[in-house]
Structure formats: C-alpha cells, structure tokens
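So you can see what is in the structure, the chains are spelled out below.
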Amino acid sequence: MGVTLTYNALVDSLPTFENESKIQYKNNGGVYAAYLDNRIAIKRAVRILANLKNHTTAFCHVFGWSEDGTLDVHMSEAEMHELDVMYVHDTTYSYLIGCRISEDFPTPHRVVLSDRQCGHPIASLPVFNQYTNAPKYNFTVCLHQPLFRMTLDDVPRILEWISVNLAFGAEHFVMYTLPTTDMIRKYLQPLEEIGLLDIHLLGLELDKSEDRHGQKCAINDCVYRYMYSSNRIILTDVDEFITPHSHDNWTDLLSNSPCADKSAAFFRNSFFPTQLVGESPKSDLQITVLQKTQKETGFFKCHARSKLMVNPRDIYICSVHHVFRVVGNAGLRDECCMPVEMGYLQHYRPVKITNESAPLTTDKRMWHFEPRIISSLKFVYSTLNRTLPHA
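Residues numbered from 1 in each chain as written. Predicted model: local features only at pLDDT ≥ 70, side-chain atom pairs only at ≥ 80, totals over all residues. Heavy atoms only, no water.

Peer 1: Explain the sheet that holds strand E15 (residues 269-273) to me, using residue names and the numbers behind them.
Peer 2: The pairing of strands in a sheet happens through backbone hydrogen bonds and is either parallel or antiparallel. Here we have three strands laid out as an open sheet, ordered E13-E21-E15, and mixed in their pairing. Each end of this open sheet is capped by a strand with a single partner; those strands are strand E13 (240-244) and E15. Going from strand to strand, the sheet's axes swing by 35 degrees on average, the running direction of each strand aside. With five bridges joining them, E13 and strand E21 (residues 343-349) adopt antiparallel strand pairing. Within the sheet, the bridge partner assigned to Thr243 lies in E21 and is Tyr344. (Pairing = 2+ DSSP bridges. Helix = DSSP H or I, 4+ residues; strand = E, 2+ residues; numbered from the N terminus. Axes fitted to C-alpha atoms, helices over the stretch in contact; angles between N-to-C directions.)

Peer 1: An account of the environment of Pro106 is requested, with residue identities and associated values reported.
Peer 2: For Pro106, the location among the structural elements is in the loop between strand E6 (92-100) and strand E7 (108-114). On the basis of relative accessible area, Pro106 is assigned to the buried category, the value being 15%. It is 8.0 Å that separates the C-alpha atoms of Pro106 and Glu67, two residues lying 39 residues apart in sequence. Not counting chain neighbours up to four residues away, the residues in contact with Pro106 comprise Arg44, Gly64, Trp65, Ser66 and Asp72. (Buried < 20%, exposed > 50% of the residue type's maximum accessible area, 1.4 Å probe, protein only. Contact = heavy atoms within 4.5 Å.)

Peer 1: So what about helix H2 (residues 155-168)? Which residues, and what values?
Peer 2: At 3.6 residues per turn, the α-helix brings residues three or four places apart onto the same side. Here H2 contains 14 residues, and its C-alpha end-to-end distance of 20 Å stays within 8% of the 20 Å for a straight helix at 1.5 Å per residue. Along H2, 11 of the 14 residues are buried, which leaves the element largely enclosed by surrounding structure. Within H2, burial applies to Val155, Ile158, Leu159, Glu160, Trp161, Ile162, Ser163, Val164, Asn165, Ala167 and Phe168. Just beyond H2, the residue with positive phi is Gly169, at close to 130 degrees. (Expected span 1.5 Å × (residues − 1).)

Peer 1: Give a description of the side chain of Thr181 that names residues and reports values.
Peer 2: Its place among the elements puts Thr181 in the loop between strand E10 (172-177) and helix H3 (182-187). Separated by 3.4 Å, the side chain of Thr181 and the backbone oxygen of Leu147 make a polar contact. The contacts of Thr181, once residues within four sequence positions are left out, are Leu147, Arg149 and Met150. (Polar contact = N/O pair within 3.5 Å; in protein donor to acceptor, adjacent residues only side chain to side chain.)

Peer 1: Which residues make up the pairing of E15, and what values go with them?
Peer 2: With five of five residues buried, E15 is to be regarded as a mostly interior element. Here E15 shows a buried face lined by Asn269, Phe271 and Pro273 and a second buried face lined by Ser270 and Phe272. Both E15 and E21 contribute to a ladder of five bridges, which runs parallel. When the bridges of E21 are listed, Ser270 appears paired with Gln346.

Peer 1: Tell me what's going on with the environment of Val46, and back it up with residues and numbers.
Peer 2: Within the secondary structure, Val46 sits in strand E2 (residues 45-53). It is 9.1 Å that separates the C-alpha atoms of Val46 and Phe128, two residues lying 82 residues apart in sequence. Discounting residues that sit within four places of it in the chain, Val46 has contacts with Ala34, Tyr35, Val62, Ile97, Gly98, Cys99, Pro108, Val111 and Val127.

Peer 1: Describe the side chain of Asp182, listing the residues and the values that go with them.
Peer 2: Here Asp182 lies in helix H3. Contacts of Asp182, omitting those with residues within four sequence positions, involve Thr177 and Leu201.

Peer 1: Run through unusual backbone geometry, naming residues and quoting values.
Peer 2: Phi is positive for Arg305, close to 70 degrees, though the residue is something other than glycine. Classification of Arg305 by relative accessible area gives partly exposed; the value is 34%. The phi angle at Asn385 is positive, at roughly 60 degrees, despite the residue not being glycine. Inspection of the secondary structure assignment puts Asn385 in the segment after helix H9 (370-384).

Peer 1: Give a detailed account of the pattern of salt bridges, specifying residues and quantitative values.
Peer 2: Summed over the entire model, instances satisfying the criterion amount to 10 salt bridges. Two residues, Arg100 and Glu79, come together in a salt bridge whose shortest N-O distance is 3.6 Å. One end of the pair, Arg100, is in strand E6; the other, Glu79, is in strand E5 (residues 79-82), with 21 residues separating them in the sequence. Overall, the relative accessible area of 26% leaves Glu79 in the partly exposed class. Across the pair Arg365 and Asp248 runs a salt bridge whose closest N-O atoms are separated by 3.9 Å. With Arg365 in helix H8 (residues 365-368) and Asp248 in the loop between E13 and helix H6 (250-255), this pair connects stretches of sequence that are 117 residues apart. One salt-bridge network, held together by shared partners, links Asp37, Arg39 and Arg47. (Salt bridge = Lys/Arg side-chain N within 4 Å of Asp/Glu carboxyl O.)

Here is the structure:
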C-alpha cells in the first residue's frame with residue numbers, strides 16, 4: 001500500500017515540462033535529460049545525464065502507459081556510472097544514470113528520481129525516445145563543451161568553425177550554452193530557424209574547476225540525443241578541425257580508411273600556432289584556417305589530444321579524448337586511429353614553441369578547400385544578416 005501511495009503521489013506531483021531539457025535538483029548537482037535506450041533488449045533502460053555530488057544514491061520510478069490505458073510504474077535503484085573516471089578526488093561528478101526496465105515494459109514517457117525507495121521526488125524528467133530507422137544526417141558536429149566564458153566577441157570563431165566543417169561535409173551542428181552565455185544563442189537563432197544548428201541550454205553554472213563535468217554531460221547528451229538522427233557524430237572544439245587530406249570530404253575519407261567500420265575513429269592532433277605571422281591566401285576575408293599554415297612538425301599520439309568521429313549507436317559512454325564503453329558486440333569493432341596521411345586534427349591556438357631544434361613545417365591543405373570555405377562563410381553570414389569579416 002505504501003508503495004502504491006508513493007507512486008500516486010509521484011504522478012500527482014509531476015511538474016509541467018517542455019520538450020527542451022533543463023537542469024533539475026540543484027542543491028546537490030543537477031540531472032539534465034533522460035533517453036530511452038533500446039539497443040540491447042535484455043538490458044533495456046532509461047539513461048539519465050547528470051552532474052551530482054560524489055556518493056549520491058537515487059531510486060528510479062519509470063512511468064509508461066500500457067495498451068489498455070493503465071499507468072505502469074517500474075521502480076529500481078539507479079545504476080550510477082561515472083563519466084569522469086580520471087578525476088577520482090572531485091566532489092562533483094558527471095554521471096550516466098541507468099534505470100533498468102524489462103523487455104515487456106511499455107514505452108516510458110517519464111522518469112522520476114527519489115532519494116529513497118519510497119522518498120519524495122527530487123527530479124522529474126520526460127523520457128525522450130529518439131529512435132528512427134532513417135537518419136536525417138550523415139554527419140552531425142557537436143561543439144564538445146558548453147560555451148564557458150565566451151562572449152559575443154567569440155562569435156566569429158564559432159561561425160568559422162561552422163563554415164569550415166560545412167566544407168568538409170557537415171550537415172548539422174549542436175552547441176550547449178549556459179545562462180551566462182545565452183546571448184550567443186540569441187545571436188545565432190537564425191541558424192536554428194533554418195535547421196542548421198541546435199542550441200541547448202545546459203542550465204547549471206559550474207566553477208572553473210568543474211568545467212569538465214559540464215563538458216562530459218554535453219558530450220554524452222549529444223551522443224544520446226542524436227544517436228538515431230545522425231550516422232556519425234564528430235566531437236571537436238571551436239578551434240579544432242578534422243581535416244581530410246587523402247580525400248575531398250569526410251564521407252570518402254572514412255569509407256576508404258581502415259576506420260570505416262569502427263565504432264570510433266580518432267584523429268591525431270597537430271598544433272597550428274596562431275601567434276605566428278600568417279600567409280595570404282587568395283581571399284581577403286579574415287579566416288584563420290586559411291591564413292595560418294605553419295604547424296608543429298609532430299603529431300600527438302592517439303588519445304592524447306585526439307578528437308573523435310563516432311558511430312553513436314555503438315557508444316555507451318564517451319569522453320573528450322576517449323570512448324570509455326561501447327554497447328554489446330560493438331567492442332569487437334572497437335576503435336581506430338586514422339592515419340595522419342589520410343586526415344588529422346588541425347588545431348589553431350597560441351602554442352609555446354620550446355624546442356627550436358625541431359623546426360615548424362608548412363601545411364596548406366586548407367587552401368584546397370578555400371572556395372568551399374568561403375562559400376559556406378558567405379552563406380552563414382548572409383543567414384545572420386551580418387557583414388563578412390575582412391582581414
């Protein structure tokens with residue numbers, strides 16, 4: 001009887017919600033979004049992304065409507081999977097919370113978390129069922145961290161990031177803002193209106209030492225949210241570009257590489273120091289990737305500053321430079337390090353050059369894409385009704 005009363009109380013107290021996710025349960029962190037995961041029938045679950053205090057425990061109450069119109073409820077203790085296995089001394093962690101449900105449980109529409117088995121609700125989330133058997137996009141590019149400490153002065157970098165990736169074959173972009181950077185979302189709203197860009201508000205402010213937790217939440221939310229709508233998801237920062245060298249676009253690069261059937265392709269990092277004097281390509285537009293052609297000679301090893309192109313349907317937990325867990329038999333396909341002669345991560349930022357005995361080299365591969373980059377940049381600025389940046 002006590003459990004039945006608790007379930008009735010949970011249903012009666014469900015808050016209203018919109019389709020957009022938002023942080024709930026702020027005192028000890030926050031839970032952000034819940035997704036139905038049907039990829040392995042015997043391990044069917046609702047997955048919840050959260051930033052929570054260490055040693056948090058919770059209980060799941062999953063709600064679904066049966067075919068006869070009755071409300072079914074499944075209660076279980078939440079499975080807490082840390083997304084930050086390398087930061088074991090932090091007080092706040094990012095988690096992927098698992099709420100197991102049986103194969104015959106109806107499609108869940110809401111999950112409620114409580115601090116005890118029959119405790120009061122601490123968060124209530126709609127369960128997003130993203131499944132489709134016809135992906136809309138071939139490549140979705142996710143900005144792999146929320147817009148920490150960015151201002152409107154950084155918008156040209158974001159627009160260049162979008163334009164260059166469009167030239168490589170991107171069709172869709174995803175970003176996460178914070179309450180303090182929501183003015184960027186408003187600025188970029190015309191790109192949302194035409195369906196090129198999705199911007200989600202990660203409504204949890206973290207101090208600088210906890211930025212990585214918001215980053216892990218954004219990375220995995222992008223993977224789960226667009227798991228079925230995109231064949232591949234690319235996770236990079238605003239100054240990083242997975243650049244094809246052996247082919248003219250990502251589709252041909254991937255399909256002709258040893259990474260074609262892998263769950264994750266890692267692209268090795270090489271820095272292009274932006275403090276160095278740039279060259280002058282044909283265009284007079286201010287485009288960093290065309291002007292900066294000097295790079296460090298070497299490449300970082302895979303997993304050290306590498307960035308990823310993943311098949312999201314194979315990914316269970318993903319991080320900045322790693323895939324921590326894959327789903328089911330996907331482990332047999334595992335991951336692949338893309339040969340640098342085929343493509344690598346071109347990273348544009350100020351870099352301290354300490355080893356003068358190792359000279360820089362020149363890489364003008366971006367010039368090959370100059371017409372496409374300029375065309376994309378003009379399209380983006382025209383959509384925003386803004387003036388193109390000239391050097």
